Amino acid sequence: MLPTKTITVEIPAYRPDGGLARPWPADYSVCVSVEGDEVLIRADKAGLRALAVHLLALAEPDVPTYYHAHLDPGEIDEDSLPLVLDHNA
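Residues numbered from 1 in each chain as written. Predicted model: local features only at pLDDT ≥ 70, side-chain atom pairs only at ≥ 80, totals over all residues. Heavy atoms only, no water.

Kindly report on the overall build of the protein, identifying the contributing residues and their values.
Within the protein, the secondary structure is distributed over one helix and four strands. Going residue by residue from the N terminus, the α and β elements of the protein occur as β-β-α-β-β. With the C-alpha coordinates aligned to their principal axes, the bounding extent of the protein is approximately 40 × 35 × 30 Å. For the protein, the proportion of its 89 residues judged to be buried stands at 28%. Put simply, of all contacts in the protein between residues at least 6 apart along the chain, 48% involve residues at least 24 apart. By element, 56% of the accessible surface of the protein is carried by carbon and sulfur atoms, the whole surface being about 6500 Å². Averaged over its 6 positive side-chain charges, the protein has a centre that lies 9 Å from the centre of its 15 negative ones. (Helix = DSSP H or I, 4+ residues; strand = E, 2+ residues; numbered from the N terminus. Buried < 20%, exposed > 50% of the residue type's maximum accessible area, 1.4 Å probe, protein only. Contact = heavy atoms within 4.5 Å. Areas by Shrake-Rupley, 256 points an atom, 1.4 Å probe, with all protein chains shown as cover. Lys, Arg positive; Asp, Glu negative; His and termini not counted. Charge placed at Lys NZ, Arg CZ, Asp CG, Glu CD.)

Give a detailed account of the packing of aromatic side chains, specifying residues and quantitative values.
Summed over all chains, the structure comprises two aromatic pairs. Centre to centre, the rings of Trp 24 and Tyr 28 are 4.5 Å apart; their planes meet at 15°, and the pair counts as stacked. (Phe/Tyr/Trp six-rings, centres within 6.5 Å; stacked < 30°, edge-to-face > 60°.)

The values are spatial; any link to function lies outside them.
Written out as structure tokens, the structure is:
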């Protein structure tokens with residue numbers, strides 16, 4: 001068995017009247033690019049943790065199928081491609 005560690009994460013709750021909040025830390029970096037035939041998500045630790053929170057929130061059972069979030073330049077790094085997180089099943 002591989003070693004594991006337990007972490008505690010607070011995630012935003014889905015609201016039918018407002019969807020999911022997307023909290024970001026005060027200082028973070030997330031940049032999406034295409035290099036050759038690969039999509040690269042380059043982020044610092046704060047950005048990776050924030051993306052993890054967004055993905056965990058999207059995976060909650062009360063979030064409707066096909067709910068999605070657009071992370072556009074400005075919300076993520078200015079030189080980033082837009083990123084769509086989609087809950088499709």
